[in-house]
Amino acid sequence: MSVTLPTFTPLEEGLFLTLYARALDNRRPHPILGDATADQIVRTTDYDYGQLKVDTNLVLSVALRAKKLDQVASEFLARHPDAVGLDLGAGLDTRFERLAPPPTVDWYDVDFPAVAAARQRLIPEHPNAHVIGADVTDPDWLDAVPSDRPAIIVADGLMGFLTQDELVSLWNRLVSHFPSGEIVLNSYTRFAIWIAHHARGTKSVADLVKFPGMDDPREPEGWNPKLKLVREIVLSREPEVAEFPAGWRRFHRLVAHSTALSRIGTIVLHYRF
Ligand SMILES: C[S@@+](CC[C@H](N)C(=O)[O-])C[C@H]1O[C@@H](n2cnc3c(N)ncnc32)[C@H](O)[C@@H]1O
């Protein structure tokens, strides 16, 4: 059965790029993330994925960053089985399904109302997985999320679409809402943002990018005194690079010698508060 979704705004439509990249990763002989549900959603939705022109590098980096975000979330949930989890700008990602947290965890996927409605049509319901249809820059949506439990907050592919001020305000609201928690996201340097504006694979979302880029991973420590950088995960140095096709494996092993060069691609930043 093919599902026809309503027309999304260009900002919402960015979700198809990452969804399709995860589906293509799943079709590789040695997937990095192996998200069969993403593939299933792509196969059942009536959307012209071919026009996205997703290249191998985008597939690998989307899959690897999702895997690293999952790992941080999974380790947090193992230490805090009473936690709440948030996926900000969740799109049609099925992170809750990949993480399979214990029933004591409540998970909240947040995205614009039209995307939230599409999630409810496409992704099987689970009593602990909640969907919030809201603009993350709106201060009110957090009222629906318990404030007395530790939180793991994931933002996969969202940061680029917020201004610096929107991002700082959002993080300050999150830090003051929860007693403690961790934030993990994929981030971009200023140069990576420049590339996003010019590369073929990201052309469909480039005009929507508002974030100027962040060169110093410690910068958020200055946004709120409770925020501390746990780790910058340099993707080119992660073991999954061994599964990349030969050309990309050589490229990543080469740039892995230099943090500055590695940061030209996707970086994953992990904070606690
Ligand atoms: C590139 S997609 C990534 C989606 C998903 N995280 C994934 O990895 O497939 C960016 C998502 O952020 C959402 N988004 C962008 N700005 C947002 C905002 N201000 N509030 C809520 N969602 C937002 C878009 O609707 C879209 O679903």
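Read on for an overview of the structure. (Residues numbered from 1 in each chain as written. Predicted model: local features only at pLDDT ≥ 70, side-chain atom pairs only at ≥ 80, totals over all residues. Heavy atoms only, no water.)

**Observations regarding the overall build of the chain**
(1) Moving on: Looking only at helices and strands, the chain features 10 helices and seven strands.
(2) Moving on: Expected size for 273 residues packed as a compact globule is a radius of gyration near 19 Å; at 18 Å, the chain falls within 12% of this value.
(3) Moving on: Seen through its C-alpha atoms, the chain measures out along the principal axes to roughly 50 × 45 × 35 Å.
(4) Moving on: Expressed as a percentage of its 273 residues, the buried residues of the chain come to 54%.
(5) Moving on: Taking contacts inside the chain between residues at least 6 apart in sequence as the whole, the part at least 24 apart equals 74%.
(6) Moving on: Here the chain displays about 12,100 Å² of accessible surface, and carbon together with sulfur accounts for 54% of that area.
(7) Moving on: Counting 29 positive and 36 negative side-chain charges, the chain places the averaged centre of each group 8 Å from the other. (Helix = DSSP H or I, 4+ residues; strand = E, 2+ residues; numbered from the N terminus. Rg over C-alpha atoms; globule rule 2.2 N^0.38 Å. Buried < 20%, exposed > 50% of the residue type's maximum accessible area, 1.4 Å probe, protein only. Contact = heavy atoms within 4.5 Å. Areas by Shrake-Rupley, 256 points an atom, 1.4 Å probe, with all protein chains shown as cover. Lys, Arg positive; Asp, Glu negative; His and termini not counted. Charge placed at Lys NZ, Arg CZ, Asp CG, Glu CD.)

**Things to note about the sheet that holds strand β4 (residues 151-155)**
(1) Moving on: In spatial order, the strands read β3-β2-β1-β4-β5-β7-β6; together these seven strands make up an open sheet with mixed pairing. On the outer flanks of this sheet lie β3 (129-133) and β6 (228-234), each paired with one strand and no other. Direction aside, neighbouring strands of the sheet carry axes that sit 15 degrees apart on average.
(2) Moving on: Judged from the five bridges that link them, strand β2 (residues 106-111) and β3 form a sheet pairing that is parallel. Looking at β3, one finds that D111 is bridged to G133. (Pairing = 2+ DSSP bridges. Axes fitted to C-alpha atoms, helices over the stretch in contact; angles between N-to-C directions.)

**Observations concerning the environment of W107**
(1) Moving on: Topologically, W107 is positioned in strand β2.
(2) Moving on: Classification of W107 by relative accessible area gives buried; the value is 0%.
(3) Moving on: Look past the residues within four positions of W107 in its chain and what remains in contact with it is L77, G85, L86, D87, R95, F96, L99, N128, A129, H130, I152 and V154.

**Observations concerning helix α1 (residues 10-26)**
(1) Moving on: If you check α1, its first and last C-alpha atoms are 25 Å apart, about what 17 residues at 1.5 Å a residue would give, namely 24 Å.
(2) Moving on: Extensive coverage of α1 is indicated by the burial of 12 of its 17 residues.
(3) Moving on: Those residues of α1 that sit buried are E12, G14, L15, F16, L17, T18, L19, Y20, A21, R22, A23 and D25. (Expected span 1.5 Å × (residues − 1).)

**A word on the site of the ligand**
(1) Moving on: Neighbouring residues of the ligand: 19 residues in total, closest T18, R22, G89, D111 and D156.
(2) Moving on: Contact distances for the ligand include 2.8 Å between an oxygen atom and a side-chain N or O atom of T18.
(3) Moving on: For the ligand, an oxygen atom lies 2.6 Å from a polar atom in the side chain of D111.
(4) Moving on: Per element, the largest residue contribution to the shell around the ligand is six residues, and it comes from α1.
(5) Moving on: Per-class residue counts for the shell around the ligand are nine nonpolar, five polar and five charged. (Near = heavy atom within 4 Å. Polar contact = N/O pair within 3.5 Å; in protein donor to acceptor, adjacent residues only side chain to side chain. Nonpolar A, V, L, I, M, F, W, Y, C, P; charged D, E, K, R; others polar.)

**Quick word on helix α2 (residues 36-44)**
(1) Moving on: For α2, every residue scored as buried is listed here: A38, D39, I41, V42 and T44.
(2) Moving on: Taken together, the buried residues of α2 touch α1 and α5 (113-122).
(3) Moving on: Where α2 begins, the capping side chain belongs to D35, and its oxygen is found 3.1 Å from the backbone nitrogen of T37.

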